Amino acid sequence: MSHPLPDMQKLVIDYLNQPGIIQGLEGELEGTTVGGIRPSTQEDPKPYVLVLATGGSGMSHRILYTAQLTVDSYAPTSWWAGELARRVGDAIHALPEADGPVAVVQSPAPAELPDPDTDLRRYTATYQITAKLGVAP
């Protein structure tokens, strides 16, 4: 029996957008948004998290699916971008404890990588997320 492959990008974006996960941050991270496309340039840019599907090893043993997601965290200063990336990382690493198909999350620590297309500072991390096929998100 085959199972549909999960859309891990959508799963992570939806999860991070739940109240209490990334939403409701205060101070320099107030108004943070999470999505799969870069927000349009604004005069007053707000912090945001960009979740990109960047491959992965795919299906194994007919019951597991591993997707790779690269997550960029943008904020006004390097420190706040790093703090946002750490909070996002904590949330993503908690996915196996949440209801849904995620079994394992692995990643390196976030790294500061300047982005020439924005005035915001950026931290990036790549996550390997393994889901059990046949488990509802």
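Heads up: the structure comes first, above all this text.
What this report covers is the structure whose coordinates are included nearby. (Residues numbered from 1 in each chain as written. Predicted model: local features only at pLDDT ≥ 70, side-chain atom pairs only at ≥ 80, totals over all residues. Heavy atoms only, no water.)

### A few points about the overall build of the protein
Worth spelling out the cut-off: Only DSSP runs of H or I with at least four residues qualify as helices, and only runs of E with at least two residues qualify as strands; both kinds are numbered from the N terminus onward. Our radius of gyration is a C-alpha quantity, and the globule rule it is checked against amounts to 2.2 Å times the number of residues to the power 0.38. The contact criterion used throughout is that any non-hydrogen atoms of two residues lie within 4.5 Å.
For the protein, the helix and strand inventory stands at two helices and seven strands. Starting at the N terminus and ending at the C terminus, the protein contains elements arranged as α-β-β-β-β-α-β-β-β. Against the 2.2 N^0.38 benchmark of 14 Å for 137 residues, the protein shows a C-alpha radius of gyration of 15 Å, consistent with a compact globule. Along the three orthogonal principal directions, the C-alpha set of the protein runs to about 50 × 30 × 25 Å. Contacts in the protein between residues at least 24 apart in sequence constitute 59% of all its contacts with a sequence separation of at least 6.

### Details of the pairing of strand β2 (residues 48-53)
Heads up, the condition is: Each pair of strands is called paired provided DSSP finds at least two bridges between the two strands.
Relative to β2, strand β1 (residues 33-35) is paired through three bridges, and the arrangement is parallel. Its bridge partner lying in β2, G35 is registered against L50.

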